[in-house]
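Geometric and topological summary
The residues making up each chain are set out below.
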Amino acid sequence: MNDVLVIGGGAAGLSAAMMLGRVRRSVTVIDSGEPRNAPAEGVHGLLALDGTPPGEILARGREQARGYGAAFAEGVVVDVARDGDGFTATLADGTRLRARRVLVATGLVDVLPDVPGLRERWGREVLHCPYCHGWEARDRAIGVLATGPMSVHQALLFRGLTGDLVYFAHTTRPTPEEAARLAAWDIPVVEGEVAEAVTGGGRLTGVRLGDGTLVAREAIAVATRLEPRVGFLAGLGLVPVAHPSGMGEHLPADPAGRTSVPGVWVAGNATDLAAQVGAAAAAGALAGAQINADLVAEDTARRLTA
């Protein structure tokens, strides 16, 4: 039986595995090989590694974690159940792995609005974060697609990167207060439902409205709905709840990553929707250290009893 199963091999999971390996804990990382940031050409805002392709960062992380003894299993976890004094994780292919503790670092899924053309350019000219991708879209013609309560805030953030920004109201209209905030920054509001994102020459070229009007744009910012990949925890009574920001759902945890189920931790975007790669890695390292401390406390109690 492992000391720890880390479910998810992204920044948070790999950082936790490395931290645990460095204190000689037996760790297996289970990963599906479907990172959220795979479409991006580079990870930005990450000190000393700015612009590095996501796959390269993950490859380095796996190599470093293996150097401290971490094992890896490829697959999708479909269930985690309590098993005596530990847990058993069941993979889609029937494989079962046991451990004393579980760290969930599966991240989340970006649910895009049902507008044709957005998914094809997602992570390239269809963006969500000004800190992750804004610099690359600076001074271009950007459109912000209204999708929810964060869209006006998103428009104000992207406005600092370009003087050519429009706000597509889509299926909603800004409230008077929101309209005033947009007007304060000279951001035009384009009424009418967006029918599709138009591409040409392998790049985004504009937005077509329902009435056929084409608005030329080089990038579109979209506030996606965020859904954590934690369905396999339902049997333990752990289910995601609405995030206070209105951005989607998350799995609640304390600052160290402890969930309401003893022995189960969570780190990264599954609990912190706004965490970038650096923050997710830091959260994974913290959770790994806390899990080790928890195991030490349990082992010390057993020795005292013996």
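Residues numbered from 1 in each chain as written. Predicted model: local features only at pLDDT ≥ 70, side-chain atom pairs only at ≥ 80, totals over all residues. Heavy atoms only, no water.

Naming follows an unreviewed UniProt entry, where the protein appears as Oxidoreductase of Actinorhabdospora filicis. Comment text from UniProt for the protein, heading Catalytic activity (unreviewed entry), reads "[thioredoxin]-dithiol + NADP(+) = [thioredoxin]-disulfide + NADPH + H(+)". (UniProt positions renumbered as here; feature names shortened; annotations may be inferred.)

**Describing the overall build of the protein**
What the protein contains, in helices and strands, is six helices and 19 strands. On the principal axes, the C-alpha backbone points of the protein span a range of 75 × 35 × 35 Å. Taken over 306 residues, the protein has a buried fraction of 45%. For the protein, the share of sequence-separated contacts (at least 6 apart) that also reach a separation of at least 24 residues comes to 57%. Taken as a whole, the protein presents about 14,500 Å² of accessible surface, with 53% of it coming from carbon and sulfur. The distance from the centre of the 28 positive side-chain charges to the centre of the 34 negative ones in the protein is 7 Å. (Helix = DSSP H or I, 4+ residues; strand = E, 2+ residues; numbered from the N terminus. Buried < 20%, exposed > 50% of the residue type's maximum accessible area, 1.4 Å probe, protein only. Contact = heavy atoms within 4.5 Å. Areas by Shrake-Rupley, 256 points an atom, 1.4 Å probe, with all protein chains shown as cover. Lys, Arg positive; Asp, Glu negative; His and termini not counted. Charge placed at Lys NZ, Arg CZ, Asp CG, Glu CD.)

**Structural notes on the packing of aromatic side chains**
Under the counting rule described, the total for this entry stands at zero aromatic pairs. For the cation-ring pair, arginine 66 lies above phenylalanine 72, with the distance from its terminal atom to the ring centre recorded as 4.5 Å. Across from the ring centre of tryptophan 135, 4.1 Å away, lies the NZ or CZ of arginine 138, which sits over that ring. (Phe/Tyr/Trp six-rings, centres within 6.5 Å; stacked < 30°, edge-to-face > 60°. Lys NZ or Arg CZ within 6 Å of the ring centre and 35° of its normal.)

**Thoughts on the environment of alanine 283**
With respect to the helices and strands, the residue alanine 283 is situated in helix 6 (residues 277-305). On the basis of relative accessible area, alanine 283 is assigned to the partly exposed category, the value being 30%. When the C-alpha positions of alanine 283 and leucine 97 are compared, they lie 24 Å apart, and in sequence the two are 186 residues distant. Residues within four places of alanine 283 in sequence aside, it is in contact with Ala267 and Gly268.

**Focus: the pairing of strand 1 (residues 2-7)**
Buried residues dominate strand 1, accounting for six of its six residues. Pairing geometry for strand 1 and strand 6 (residues 96-104), over five bridges, is parallel. Looking across to strand 6, one finds that valine 6 is bridged to leucine 103. Strand direction decides the pairing type here: strand 1 and strand 2 (residues 27-31), joined by four bridges, are parallel. In the strand pairing of strand 2, isoleucine 7 is matched with isoleucine 30. Between the parallel pair strand 1 and strand 2, the chain is carried across by helix 1 (residues 11-22), and the sense of this crossover is right-handed. (Pairing = 2+ DSSP bridges. Right-handed = clockwise from strand over helix to strand, strands pointing away.)

**Here we look at the UniProt feature "domain: FAD/NAD(P)-binding" (unreviewed entry) in the protein**
Per the UniProt record, "domain: FAD/NAD(P)-binding" (unreviewed entry) is annotated on residues 3-283. As a span, residues 3-283 carries 20% helix and 30% strand, and end to end its C-alpha atoms are 19 Å apart.

**Topic: the sheet that holds strand 12 (residues 194-200)**
Taken in spatial order, the three strands of this open sheet run 12-13-14, and their pairing is antiparallel. Taken across any chain shown, the strands that pair with only one partner, and hence form the sheet edges, are strand 12 and strand 14 (214-216). Neighbour-to-neighbour, the strand axes of the sheet open up by a mean angle of 30°, direction not taken into account. Across six bridges, strand 12 lies against strand 13 (residues 203-209) in antiparallel orientation. Pairing of alanine 197 across the sheet is with valine 207, part of strand 13. (Axes fitted to C-alpha atoms, helices over the stretch in contact; angles between N-to-C directions.)

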